[in-house]
Amino acid sequence: MSDVEEIPIRDESIRLGQLLKLAGVVENGVIAREIIAEGAVTVDGEPEDRRGAQISLGQKVRFEGEEFGLPTATLTPVREG
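Conventions adopted
- Residues numbered from 1 in each chain as written.
- Predicted model: local features only at pLDDT ≥ 70, side-chain atom pairs only at ≥ 80, totals over all residues.
- Heavy atoms only, no water.
- Buried < 20%, exposed > 50% of the residue type's maximum accessible area, 1.4 Å probe, protein only.
- Helix = DSSP H or I, 4+ residues; strand = E, 2+ residues; numbered from the N terminus.
- Arc of directions from axis to C-beta.
- Contact = heavy atoms within 4.5 Å.
- Polar contact = N/O pair within 3.5 Å; in protein donor to acceptor, adjacent residues only side chain to side chain.

J.: Break down helix H2 (residues 29-37) for me, citing the residues and quoting the values.
T.: Along H2, the residues classified as buried are Gly 29, Ala 32, Ile 35 and Ile 36. Looking straight down H2, one finds that the buried residues subtend no more than 130° of arc, so they occupy a single side. Tucked into the core, H2 has its buried residues touching helix H1 (16-22), strand E3 (41-43) and strand E6 (61-63). Sitting at the amino-terminal end of H2 is Asn 28, which places a side-chain oxygen 3.0 Å from the backbone nitrogen of Val 30.

Given below as structure tokens:
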């Protein structure tokens, strides 16, 4: 089973590429763009190929990045403190 990591954000939504960087899943936007384009990222179980897709509070982002040495992770944006 994958781990669930809640990522605090300030607003009601965040762009997918920014969420991946904030979560530490990718180092920069170039890598985020590449893994998203490869179809390695899903949002609520559906493939997402837009780095700028808006991810709202409670949505689940899954990234299986074996080739990058990263574990499977589910990222759930939540309101910051």
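J.: Any chance you could break down the environment of Val 61 for me, citing the residues and the numbers?
T.: By the secondary structure assignment, Val 61 is in strand E6. By relative accessible area, which is 0% here, Val 61 ends up buried. Placed 19 residues apart in sequence, Val 61 and Thr 42 show a C-alpha to C-alpha distance of 5.6 Å.

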